[in-house]
Amino acid sequence: MPDEDELQSLVVRLRTIEQERDAWRDRCDGLAGERDQEREAVRRLRGSGSYRLGRGLVSLARDPIRLMRRARRGVPQRRAAAKRPLPARLYVAIGLDLPTLREFVQTVRRLVLVEPDHRAVVLTDNPEFSLLRKAGLILEYLPDRQTWERHRPDQPWDVVLSERLSRLYAEHGATRVSFVDPERPPTLPQMLDTTPPVRESLQQT
């Protein structure tokens, strides 16, 4: 059996171990409390707008393309509004020789560039109209009066012209028709003149 000194030593050692155990328990309880506080702080931080903004900036810096794709997937995409075509305007350029027709077509092209409020459709009876295709306008052809009457004397040329204009009006969704004087085709300043004309169309001789 241990003597009294050994027994006293064991008691002291046991008390020391118990004190260390209690100290460790207190420390663990304190650390658990700190852990719970930190978790709550992190939860509040993640729910804040500042955190989301900062996280988004960091993600953008790391991988901007991926972030943009994710943002597009999360936001409902609006359908692009259908772009309505511009209204068309018919220019009846009958009786113009090729140089005059070329000059008029270039004038109309400049007009559309300056005021792009309509699509230009030029109806001509010049058989060489195909040389002006590169002007970027819509060119339509109708045989001249003499040629038509020589091949189709049974149908008046004026009626053919009227029917052709009606069809072009409907096909291109035109809103106006302008008749060009072959002796005095309008210049660009005249076509840009905003003064209301006496007639809606240019006078045809």
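Everything numeric here is computed off the predicted structure, so don't read it as measured data.

### Here's the deal with the confidence of the model for the chain
Then step 1. Mean pLDDT for the chain: 77, with 69% of residues reaching 70 or above.
Then step 2. Taken element by element, the chain is modelled with least confidence in helix α3 (residues 64-74), mean pLDDT 60, and with most confidence in strand β1 (residues 88-93), mean pLDDT 92.
Then step 3. Per-residue pLDDT stays below 50 along residues 195-205; that stretch engages in 17 contacts with residues further than four places along the chain or on separate chains.

### Considerations on the nonpolar core
Then step 1. Formed by 20 residues in total, the largest nonpolar core has its most connected members in Tyr91, Phe104, Val105, Val108 and Val122.
Then step 2. The dominant element in this core, judged by the number of residues it contributes, is helix α4 (residues 98-114), at seven residues.
Then step 3. What Val122 contacts, discounting residues up to four positions off in sequence, is Tyr91, Ala93, Phe104, Leu137, Ile138, Leu139 and Glu140.
Then step 4. The next biggest cluster of nonpolar side chains, apart from the first, holds 16 residues, and it includes Ala88, Val160, Leu168 and Phe179.

### Focus on the packing of aromatic side chains
Then step 1. Inspection of every chain in the model, using the stated rule, returns two aromatic pairs.
Then step 2. When the ring of Tyr91 is compared with that of Phe104, the centres are 5.9 Å apart and the planes differ by 70°; the resulting orientation is edge-to-face. Separated by 13 residues along the polypeptide, Tyr91 in strand β1 and Phe104 in helix α4 bring together distant segments of the chain. For the residue pair Tyr91 and Phe104, the accessibility class agrees, reading buried in each case.
Then step 3. Geometrically, the ring pair formed by Phe129 and Tyr141 is stacked, given 5.2 Å between the ring centres and 5° between the ring planes.

### Digging into the sheet that holds strand β4 (residues 174-179)
For sheets, the rule is that strands pair by backbone hydrogen bonds, running either parallel or antiparallel.
Then step 1. An order of β3-β2-β1-β4 is seen for the four strands of this open sheet, with the pairing classed as parallel. Each of the sheet's edge strands pairs with one partner strand only, and the pair in question is β3 (138-141) and β4. Mean inter-strand twist for the sheet, computed between neighbouring axes without regard to direction, equals 20°.
Then step 2. The pairing of β1 with strand β2 (residues 119-124) spans six bridges and is parallel. Bridge pairing in β2 places Val92 opposite Leu123.

About the criteria used
- Residues numbered from 1 in each chain as written.
- Predicted model: local features only at pLDDT ≥ 70, side-chain atom pairs only at ≥ 80, totals over all residues.
- Heavy atoms only, no water.
- pLDDT = per-residue confidence, 0-100.
- Helix = DSSP H or I, 4+ residues; strand = E, 2+ residues; numbered from the N terminus.
- Contact = heavy atoms within 4.5 Å.
- Core = buried A, V, L, I, M, F, W, Y, C linked by side-chain atoms within 4.5 Å.
- Buried < 20%, exposed > 50% of the residue type's maximum accessible area, 1.4 Å probe, protein only.
- Phe/Tyr/Trp six-rings, centres within 6.5 Å; stacked < 30°, edge-to-face > 60°.
- Pairing = 2+ DSSP bridges.
- Axes fitted to C-alpha atoms, helices over the stretch in contact; angles between N-to-C directions.

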